[in-house]
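# Examination of the molecular architecture
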Amino acid sequence: MKSFAFILIAALAINPVDRIAQINSYKAEAKEAYRNGDFETAAAKYRFLIDSLQVNEEEVTMNLANSYFQINDSTAASNYYRPLTQSSKTKMKSLANQQMGVLSNRTGKFEEALEYFKQALRADPTNEDARYNYEMVKKKLEEQKKQEEQKKDQNKDNKEENKDDKKDQENKDQKQDEKDKKDQEKKDQEKKDQQNKEQQDQEQKDKEKSEEQKEQEAKDKEQEKKDIPPSVSEKLKDMEMSEEKAQMILEAMKNQEIQYLQQNKRKATKPKDKSKPDW
């Protein structure tokens, strides 16, 4: 900091003729360095002209900004281009706006770049570089907007497609649920039919068994009728008595006889006392 102040004081102490000679010498050295592609040296010499030798010329400022531009120091370049965008000189103003547009384009600020190129053309309509850059950025913006619209449309289509897929899936799930329900109803009906069939079969078997029992009872009655002797049948006819009634009477007599025999078995037989007389 002290060395810089010393250089500044020394520069101011130089007489006007020597100062002009020094300024011209630095300008020539800076210009030569710029032409040779040594932009860092050019930037240092232009910076010395402005800061140390107090050169307040728009051409020097523009050359310093261009030197920073060439070494990709966008921040420093912008700091020196920006004041020149308000220059009273149309060429200088147009060039400064053009370079600011290029820097904005580099950082992807396309709308800002387009505005700078527009200002450059307003300042100098003959600035073909600014016109070319304006058309290029304008086309890029249109393509960007088109891509954004396509992206929106694509997102919309994807949403619609997802919506349709979801609806299709819901329809499939609904159809599957209906199918499962019908299958279950069919199984339940088949089970019910099977139970009804088994019940009917059992009722049929019970019916057949009951009929067999009736047939057997009828056969037994017929057999009992056959067991009655013919002579008895004829007597019954003479007595005008049916075989069924006679069978009932016979059964009753048998029952009475069985009861009589059973009662006699129950009575005890006492031995006869020989000491007593027979009477």
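Look up: the structure comes first, before these words.
Quick summary incoming for the structure in this document.

Quick notes on the rules
- Residues numbered from 1 in each chain as written.
- Predicted model: local features only at pLDDT ≥ 70, side-chain atom pairs only at ≥ 80, totals over all residues.
- Heavy atoms only, no water.
- Helix = DSSP H or I, 4+ residues; strand = E, 2+ residues; numbered from the N terminus.
- Buried < 20%, exposed > 50% of the residue type's maximum accessible area, 1.4 Å probe, protein only.
- Contact = heavy atoms within 4.5 Å.
- Areas by Shrake-Rupley, 256 points an atom, 1.4 Å probe, with all protein chains shown as cover.
- Axes fitted to C-alpha atoms, helices over the stretch in contact; angles between N-to-C directions.
- Parallel < 35°, antiparallel > 145°, perpendicular 65-115°, else oblique.
- Left-handed = near helix turned anticlockwise from the far one by under 90°.
- Nonpolar A, V, L, I, M, F, W, Y, C, P; charged D, E, K, R; others polar.
- Phe/Tyr/Trp six-rings, centres within 6.5 Å; stacked < 30°, edge-to-face > 60°.
- Lys NZ or Arg CZ within 6 Å of the ring centre and 35° of its normal.
- Core = buried A, V, L, I, M, F, W, Y, C linked by side-chain atoms within 4.5 Å.
- Salt bridge = Lys/Arg side-chain N within 4 Å of Asp/Glu carboxyl O.
- Polar contact = N/O pair within 3.5 Å; in protein donor to acceptor, adjacent residues only side chain to side chain.

Once that is clear, we can look at the overall build of the protein. Counting its secondary structure elements, the protein contains ten helices and zero strands. Ordered by position from N to C terminus, the α and β elements of the protein give α-α-α-α-α-α-α-α-α-α. Residue burial in the protein is summarised as follows: out of 279 residues, 23% are buried. In the protein, of all internal contacts separated by at least 6 residues, the share reaching a separation of at least 24 is 44%. Of the roughly 22200 Å² of accessible surface on the protein, 49% is carried by carbon and sulfur atoms.

Of note, Glu112 is situated in helix α7 (residues 110–123). When its relative accessible area of 38% is taken as the criterion, Glu112 is described as partly exposed. The spatial distance from the C-alpha of Glu112 to the C-alpha of Gly101 is 7.1 Å, given a sequence separation of eleven residues.

A few words on the packing of helix α4 (residues 58–70) against helix α6 (residues 90–106). Running from N to C, α4 and α6 point in directions that differ by 20 degrees, and their axes come no closer than 12 Å. Viewed along their axes, α4 and α6 adopt a mutual orientation that is roughly parallel. Regarding α4 and α6, the two cross each other, and that crossing is left-handed. Here Glu58, Glu59, Met62, Asn66 and Phe69 of α4 come into contact with α6, specifically with Met92, Leu95, Ala96, Gln99, Val102, Leu103 and Arg106. Its residues assigned to classes, the contact of α4 with α6 shows seven nonpolar, two polar and three charged.

The next thing to look at is the packing of aromatic side chains. Taken as a whole and judged by the stated rule, the model has three aromatic pairs. Across the ring face of Phe69, the terminal group of Arg106 is positioned such that the distance to the ring centre comes to 4.2 Å.

The subject of this paragraph is the nonpolar core. Counting residues in each nonpolar core, the largest one holds 38 residues, and the members touching the most others are Tyr46, Leu49, Leu64, Tyr68 and Tyr81. Sorting the residues of this core by element identifies α2 (16–35), α3 (39–51), α4, α5 (74–84), α6, α7 and α8 (128–227) as the ones contributing at least two each. Contacts of Tyr46, omitting those with residues within four sequence positions, involve Lys27, Ala30, Lys31, Val60, Asn63, Leu64 and Ser67.

Evaluated as defined, the whole model comprises nine salt bridges. Put simply, Lys45 and Glu29 hold a salt bridge, and the shortest N to O gap is 2.8 Å. Residue Lys45 is located in helix α3, and its partner Glu29 is located in helix α2; the two are separated by 16 residues in the primary sequence. In this structure, the salt-bridge partner of Glu115 is Lys118, at a minimum N-O distance of 4.0 Å. Remark: Lys118 and Glu115 occur in helix α7; sequence separation between them is three residues, near one turn of the helix.

Right, let's talk about the side chain of Asp124 for a bit. Locating Asp124 in the fold gives a position in the loop between α7 and α8. Overall, the relative accessible area of 10% leaves Asp124 in the buried class. Separated by 3.2 Å, the side chains of Asp124 and Lys91 make a polar contact. For Asp124, the residues in contact, after removing those within four places along its chain, are Thr90, Lys91 and Ser94.

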